[in-house]
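Each chain is listed here by its residues.
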Amino acid sequence: MAQILDGKRVRDAILAESVPRVKRVMDRGRPPGLAVVLVGNDPGSEIYVRNKVKACADLGIYSEKLTPAEAITTDELVALIDGLNRRPEIDGILVQMPLPKPVDSRRVLLAIDPDKDVDGFHPMNVGNLVANRPAPRACTPAGIMELLERYQIPVTGRNAVVVGRSDIVGKPMALMLLHHSATVTICHSKTRDLAAVCAGADILVAAMGRPALVKAEYIRPGATVIDVGMNRISDRAQAEAIFGRLPERLAVFERTGSLLVGDVDPVAMAERAGAYTPVPGGVGPLTIAMLMKNAIDAAERHLGVR
Ligand code: NDP
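Conventions used here
- Residues numbered from 1 in each chain as written.
- Predicted model: local features only at pLDDT ≥ 70, side-chain atom pairs only at ≥ 80, totals over all residues.
- Heavy atoms only, no water.
- Near = heavy atom within 4 Å.
- Polar contact = N/O pair within 3.5 Å; in protein donor to acceptor, adjacent residues only side chain to side chain.
- Areas by Shrake-Rupley, 256 points an atom, 1.4 Å probe, with all protein chains shown as cover.
- Nonpolar A, V, L, I, M, F, W, Y, C, P; charged D, E, K, R; others polar.
- Salt bridge = Lys/Arg side-chain N within 4 Å of Asp/Glu carboxyl O.
- Helix = DSSP H or I, 4+ residues; strand = E, 2+ residues; numbered from the N terminus.
- Buried < 20%, exposed > 50% of the residue type's maximum accessible area, 1.4 Å probe, protein only.
- Pairing = 2+ DSSP bridges.
- Contact = heavy atoms within 4.5 Å.
- Axes fitted to C-alpha atoms, helices over the stretch in contact; angles between N-to-C directions.
- Core = buried A, V, L, I, M, F, W, Y, C linked by side-chain atoms within 4.5 Å.
- Right-handed = clockwise from strand over helix to strand, strands pointing away.
- 1 Å grid on protein atoms, 1.4 Å probe; cavity = no way out; pocket = protein on both sides within 12 Å on 5 of 7 lines; lining within 4 Å.
- Points joined across faces, edges and corners; volume = space filled by probe spheres on them.
- Domains from an automatic or database assignment.
- Left-handed = near helix turned anticlockwise from the far one by under 90°.

(A) Broad picture of the site of the ligand. Surrounding the ligand, one finds 22 residues, the nearest of these being R165, S166, S189, M230 and T287. Within the contact set of the ligand, an oxygen atom lies 3.5 Å away from a backbone nitrogen or oxygen of V228. Between the ligand and M230 there is a distance of 3.0 Å, counted from an oxygen atom to a backbone nitrogen or oxygen. Contact with the protein chains hides 72% of the accessible area of the ligand, taken as 930 Å² for the molecule alone. Across the shell around the ligand, the residue classes break down as 10 nonpolar, 10 polar and 2 charged.

(B) Spotlight on the pattern of salt bridges. Under the definition given, this model contains 18 salt bridges. Ionic pairing is found between E271 and R245, a salt bridge with its closest N-O pair at 2.4 Å. Highlighted residues: E271 in helix α11 (residues 266–272) and R245 in the loop between α9 (236–243) and α10 (247–256), separated in sequence by 26 residues. Here E271 falls in the exposed class, since its relative accessible area comes to 54%. Members of the salt-bridge network, linked through shared partners, are R21, K293, D297 and E300.

(C) Layout of the sheet that holds strand β6 (residues 183–187). Ordered in space as β1-β11-β8-β7-β5-β6, the 6 strands form an open sheet in which the pairing is parallel. The sheet terminates laterally at β1 (3–4) and β6, the two strands that pair on one side only. Of the strand pairs in this sheet, strand β8 (residues 224–227) and strand β11 (residues 275–276) are connected by 2 bridges, and their pairing is parallel. Looking at the pairing, V225 lines up with Y276 of β11. Packed on one face of the sheet, helix α7 (residues 170–179) meets β5 (159–163), β6 and β7 (203–206) and runs near 170° to β5.

(D) How the structure looks around the nonpolar core. Residues L177 and I226 are the most contacted members of the largest nonpolar core, which totals 46 residues. Elements that contribute at least two residues to this core include exactly α1 (7–26), β2 (33–37), α2 (43–59), α6 (139–150), β5, α7, β7 and α12 (284–303). Broken down by element, this core gets its largest block of residues, 7 residues, from α12. For I226, the residues in contact, after removing those within four places along its chain, are L5, I144, L147, L148, L204, V205, A206, T277 and V283.

(E) Broad picture of the environment of L178. Among the structural elements, L178 can be located in helix α7. Residue L178 is classed as partly exposed on the basis of its relative accessible area, which comes to 46%. On a C-alpha basis, the gap between L178 and V155 in space is 9.1 Å, while along the polypeptide they are 23 residues apart.

(F) Local environment of the pairing of β6. Where β5 lies against β6, 5 bridges are found, and the strand directions are parallel. Bridge assignment links N159 to a residue of β6, and that residue is T183. With α7 bridging β5 and its parallel neighbour β6, the resulting β-α-β unit is right-handed.

(G) Broad picture of the layout of surface pockets. If you add up the space inside the second largest pocket, you get close to 490 Å³. Around the second largest pocket, the lining comprises 23 residues; the ones closest to its centre are P134, A135, P136, R137 and K293. Counting residues per element, the ones that place at least two in the lining of the second largest pocket are α5 (123–130), α6, α7 and α12. A total of 5 residues in the lining of the second largest pocket trace back to one element, the largest contributor, which is α12. Across the lining of the second largest pocket, the residue classes tally to 10 nonpolar, 6 polar and 7 charged. Composition of the lining of the second largest pocket by domain shows at least three residues from each of domain 1 (29–124) and domain 2 (139–286).

(H) Structural detail: the packing of α6 against α7. Axis separation between α6 and α7 bottoms out at 9 Å; the angle between their running directions is 35°. By crossing handedness, the relation of α6 to α7 is classed as right-handed. Along its contact with α6, which presents P141, A142, I144, M145 and L148, the element α7 presents P172, M173, M176 and L177. The residue makeup of the contact of α6 with α7, split by class, is 9 nonpolar, no polar and no charged.

Take a look at the structure:
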């Protein structure tokens, strides 16, 4: 039987460890402070931001939600971030992506003080990651490293294949695995014979945004499979093709008209992997926990808490 890597359990452990850290920060006179900037009314982004604000409230982290209108210009957004950079009680600044098309996302990310960059997306922190220097790390791959560590999945010397090369998941994931001495291969949409490359992985990380693309032949029997994909499908034929052997999931589809599916075929993953993260309940819960950790790290730095 494959081991299920339970992201909620690891999230709860990370959050529990955060409680005394928040208290130590509070002892210096104020809570950690996180500003969350949400531009426009994208429903998906609104849910993400609501969850982040709630996680802050649960831990006693001060959060401030700023909701500029969709029509905000790059200059105005940069000025808003500049203001947050100058406020000492704000330790971390998060700009929810994606931004509206006309806004220059790169300029916005560059405007965030690297020391307040709780997403780890600022080029200076990307450089710190490349150089393996301490700095805020991208939350999703950092959460995956926590998961591997807490489940004592060996990384050193293992073949790790990361499918996806985005700045927020694939690239930082590959670098973190490399710094833990895995032998890392990065795949993308131009990779030839993806199945054969993946089949060589001891640790396979799928981060493409392609529902159930990774099938049985991609998975070496006994491999650890980390499914980062979060794809909502609402097509019945697709749902039946993927979840035909999982009646309890199909029942959810009947009830709600949609289903969340990862990038890995869930049946093949459960049958072939030695250990795997389910969708939902695997990687998803870790991201916000690591965001909280980054915000507390920043507050500790700013207040000199050791
Ligand atoms: P992006 O769209 O930014 O990147 C997707 C990557 O996958 C690209 O590098 C692309 O290659 C590659 N790719 C796409 N199709 C294929 C294919 N057929 N074969 C091989 N490679 C392919 O996505 P993100 O990295 O932002 O997100 C990936 C997934 O992870 C999404 O489902 C997203 O929802 C999920 N996610 C989940 C999070 C969580 O907390 N669980 C957090 C962040 C993301 P190329 O570069 O050549 O185009």
